[in-house]
Amino acid sequence: MTHSILCVGELLIDFFCKERNVDLQQGQTFIKHAGGAPANVCATIAKLGSNAYFLGKVGDDPFGEFLRNTLNTMNVHTNFLFQDKKSPTTLAFVSLQENGQRDFIFNRGADAQLTMDEISINSLKPFKMIHFGSATALLPGPLQETYFDLFAFAKTNHCFISFDPNFRSDLWKGQEQSFIDLALSCIAKSDFIKLSDEELFIITGEENMQKAVTFLHLLGARYIAVTLGERGTYFSSSTKSLIVPSIPITAVDTTGAGDAFVGAILYKLSQIKSFHQLSFEDWVEFITFGNKVGAIVCEKIGAIEALPTLEEVEARS
């Protein structure tokens, strides 16, 4: 039995400056990529071989068509991808510095405008797995209300809920506490959450990983994965926890690795009959698989472009 997975959130255009160590004022050449964390998750699921549907909004413009075509090429179902005739597709411009800092400009458009009136809720009832990615979804706007309405639907429909807070400091400057409050509200309703160690400490206010994870379990999260880069992933099921190592690689570009990790785990979950009969050992197997997929993505440039097939993953030791 294979469960179809619905991924909710933003789909946008990332324009990356090709010149390194310059700010956006100095940058001259930009390369266009499909972006958006939940879209990356969705593409990973589809590339590995499961049915993945994306729910979000783009502009009714050439960039929106490019994004729709990109998802279709990845075999992602775009039945729930809406196009806005009044708002342009959301754009992000990024310049990378040698010290790892970013110069970042975000032009938000259509992704913010999704409303529940556009969605046929009955068409979502067959889904038993829903992933929520929130880089922009928690920002003020119609999408925020829609996002929480969909969370409520997922709980009522007894869906397995996956959530990735996707904290972007560039988007939340001066509003960090608002992000924390909204993220905690989502975590309380989620079965599986993925965070980076930095996100974990920001959201919980704790400095100790075990205490921070325990806090989120008490809030309601059932399974928690904290990504630690090359060290692997700290996984906790509330009764057990351990660090699951990753595979050794030479990283070229880490863009989208966390999204690929989440997509890989959801792919594994989509293959099982019951989410409630999983052992801790089953989860460790899934996390190991996710670590491998995330690591492979780091060996190539790009996010969606770097995604491996299931055969490529299984061929890696």
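Going by the structure above, here's the rest.
Source: prediction; values computed, not measured.

**A few points about the sheet that holds strand β6 (residues 91–96)**
As summarised here, the arrangement of the four strands in space is β3-β2-β6-β7, forming an open sheet in which the pairing is mixed. Each of the sheet's edge strands pairs with one partner strand only, and the pair in question is β3 (30–35) and β7 (102–107). Averaged over all neighbouring strand pairs, the angle between strand axes comes to 20°, with direction disregarded. Strand direction decides the pairing type here: strand β2 (residues 12–17) and β3, joined by six bridges, are antiparallel. Bridge assignment links Ile13 to a residue of β3, and that residue is Ala34. Where helix α2 (residues 62–73) meets the sheet, it contacts β2, β3 and β6, and its direction lies at approximately 55° from that of β3.

**Brief notes about the layout of surface pockets**
What the second largest pocket holds in volume is close to 190 Å³. If you go around the second largest pocket, you meet 13 residues; those closest to its centre are Lys155, Cys159, Asp191, Arg222 and His276. When grouped by side-chain class, the residues that make up the lining of the second largest pocket number five nonpolar, four polar and four charged.

**Let's talk about helix α5 (residues 197–204)**
Those residues of α5 lying buried are Glu199, Leu200, Ile203 and Thr204. Here the buried residues of α5 occupy an arc of 110° about the axis, which is enough to place them on one side. Buried residues along α5 sit in contact with β9 (160–164), α4 (176–187), β10 (192–196), α6 (209–219) and β11 (223–227). One or two positions beyond α5, positive phi appears at Gly205, with a value near 75°.

**A few points about the pairing of strand β5 (residues 77–84)**
Sheet topology places strand β4 (residues 52–59) next to β5; six bridges connect them, and they run parallel. Within the sheet, the bridge partner assigned to Val58 lies in β5 and is Gln83. Remark: the β4/α2/β5 crossover connection has right-handed handedness.

**Thoughts on the pairing of β10**
Along any regular strand the residues' side chains alternate between the sheet's two faces. Across the five residues of β10, five count as buried, placing the element largely inside the fold. Side chains of β10 alternate between two faces, with Phe192, Lys194 and Ser196 and Ile193 and Leu195 buried alike. Where β9 lies against β10, two bridges are found, and the strand directions are parallel. By the bridge assignment, Phe163 is partnered in β10 with Ile193. Taken together, β9, α4 and β10 constitute a β-α-β crossover, and its handedness is right-handed. Inspection of the sheet shows β10 paired to β11 by five bridges, in the parallel sense. Bridge pairing in β11 links Ile193 to Ile224.

Definitions and limits used
Residues numbered from 1 in each chain as written. Predicted model: local features only at pLDDT ≥ 70, side-chain atom pairs only at ≥ 80, totals over all residues. Heavy atoms only, no water. Pairing = 2+ DSSP bridges. Helix = DSSP H or I, 4+ residues; strand = E, 2+ residues; numbered from the N terminus. Axes fitted to C-alpha atoms, helices over the stretch in contact; angles between N-to-C directions. Contact = heavy atoms within 4.5 Å. 1 Å grid on protein atoms, 1.4 Å probe; cavity = no way out; pocket = protein on both sides within 12 Å on 5 of 7 lines; lining within 4 Å. Points joined across faces, edges and corners; volume = space filled by probe spheres on them. Nonpolar A, V, L, I, M, F, W, Y, C, P; charged D, E, K, R; others polar. Buried < 20%, exposed > 50% of the residue type's maximum accessible area, 1.4 Å probe, protein only. Arc of directions from axis to C-beta. Right-handed = clockwise from strand over helix to strand, strands pointing away.

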